Amino acid sequence: MGFLSRTSSVLVVIISCCLVGVALAGNFYEEFSLTWGGPRAQISNGGRQLSLSLDNTSGSGFESKKEYLFGKIDMQLKLVSGNSAGTVTAYYLSSKGNKHDEIDFEFLGNLSGDPYILHTNVFSQGKGGREQQFYLWFDPTQDFHTYSIIWVPHHIVFLVDNTPIRVFQNSESIGVPFPKNQPMRIHSSLWNADNWATRGGLVKTDWSKAPFTAYYRGFNSIDFPNSSPSPSSKSFSDGNWEAKELDTKARRRVRWVQKNFMIYNYCADLKRFPQSLPPEC
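Scoring rules and cut-offs
- Residues numbered from 1 in each chain as written.
- Predicted model: local features only at pLDDT ≥ 70, side-chain atom pairs only at ≥ 80, totals over all residues.
- Heavy atoms only, no water.
- Phe/Tyr/Trp six-rings, centres within 6.5 Å; stacked < 30°, edge-to-face > 60°.
- Buried < 20%, exposed > 50% of the residue type's maximum accessible area, 1.4 Å probe, protein only.
- Disulfide = S-S within 2.5 Å.
- Helix = DSSP H or I, 4+ residues; strand = E, 2+ residues; numbered from the N terminus.
- UniProt positions renumbered as here; feature names shortened; annotations may be inferred.
- Contact = heavy atoms within 4.5 Å.
- Pairing = 2+ DSSP bridges.
- Axes fitted to C-alpha atoms, helices over the stretch in contact; angles between N-to-C directions.
- Polar contact = N/O pair within 3.5 Å; in protein donor to acceptor, adjacent residues only side chain to side chain.

Caption draft 1: View of the packing of aromatic side chains. A full pass over the atoms with the stated rule returns 18 aromatic pairs. Pairing Phe105 with Phe107 gives two aromatic rings, centres 6.2 Å apart and planes at 15°, and the pair type is stacked. Each member of the pair, Phe105 as well as Phe107, is classed as buried. Seen in terms of ring centroids, Trp256 and Phe261 are 5.2 Å apart; in terms of plane orientation they differ by 70°. Their pairing is edge-to-face. The exposure class assigned to Trp256 is partly exposed, which follows from its relative accessible area of 42%.

Written out as structure tokens, the structure reads:
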């Protein structure tokens, strides 16, 4: 075998190995429907990028064509820059109906120079109220960053750039409902929420800065069709997303984020729950 043939064979093996277990970025034309906002929602770059805009007439949104029941979803977002006060960019999984399930990322805009607030929540059978909020350790308006949800029967993990920031455990054994039976679609929207989003509604949207635009790319999804963790020698930090528990490294990263960047935790809100904290806390 000549040098070029051997080199080609090695490259094929390397490329094949690298592609194993990797979900290729989805095409927005194929994966999503633009659901409201008319021309404010646009797909571009051959289906590789999507943008949502908000003006003083309307916001905009999209949803996945497919429903999911357990899996990992990744989306790269670049948030509204400048004075984004009053705006909310929401990216979440949700089912339908009064008893719906929902897993939320919401990005609460702020005045120029002030940090975004990342708001997370989990709804099960129509009941939410499980908020945790964070500052980010970077400026989410300057570049794209990856926001991920891992949803398996034993827990839900929220990640930012593959750093786990929150784990919501399945606590059905103590009577806490957990989303596990209703398939959910991916939704995203950019909308005006200046009655509450920034400093409790004290700061209003400055419409002279409109339109406000958020950008999306790099959508990936991995289905977990089995209801129990698949056997693997790899840890969560090494990419075993179905692992029943986070390994030591991942737990350390969660603690780092929550110590340095968490600004609200419903499990520590004694004013809100003066009698007793929710049982899962």
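Caption draft 2: Structural detail: the state of the cysteines. For the structure shown, the criterion picks out 1 disulfide. A sulfur-sulfur distance of 1.9 Å marks the disulfide that ties Cys267 to Cys281. Taking the torsion about the S-S bond as the criterion, the Cys267 to Cys281 disulfide, at about -75°, is left-handed. One end of the pair, Cys267, is in the segment after strand S15 (262-265); the other, Cys281, is in the segment after S15, and 14 residues separate them in sequence.

Caption draft 3: Highlighting the UniProt feature "glycosylation site" (unreviewed entry) in the chain. As recorded in UniProt, the feature "glycosylation site" (unreviewed entry) lies at Asn110. Residue placement: Asn110 occurs in the loop between strand S7 (102-108) and strand S8 (117-123). Of the residues examined, Asn110 reaches a relative accessible area of 9% and is grouped as buried. Residues within four places of Asn110 in sequence aside, it is in contact with Gly82, Asn83, Ser84, Ala85, Pro115, Thr198 and Arg199.

Caption draft 4: Examining the sheet that holds strand S12 (residues 163-169) more closely. The 7 strands lie next to each other as S2-S3-S14-S5-S10-S11-S12, forming an open sheet whose pairing is antiparallel. Of all strands in the sheet, those bounded by a partner on one side alone are strand S2 (41-44) and S12. If you compare each strand with its neighbour and ignore which way they point, the axes differ by 20° on average. One ladder, built from 6 bridges, connects strand S10 (residues 145-152) with strand S11 (residues 155-160); its direction is antiparallel. Counterpart to Ile149 in the pairing with S11 is Phe158.

Caption draft 5: Quick look at the side chain of Asn121. Inspection of the secondary structure puts Asn121 in strand S8. We classify Asn121 as buried; its relative accessible area is 4%. A polar atom in the side chain of Asn121 sits 2.9 Å from the backbone nitrogen of Arg130. Apart from residues lying up to four places away in sequence, Asn121 is in contact with Glu102, Ile103, Asp104, Gly128, Gly129, Arg130, Glu131, Phe158 and Arg166.

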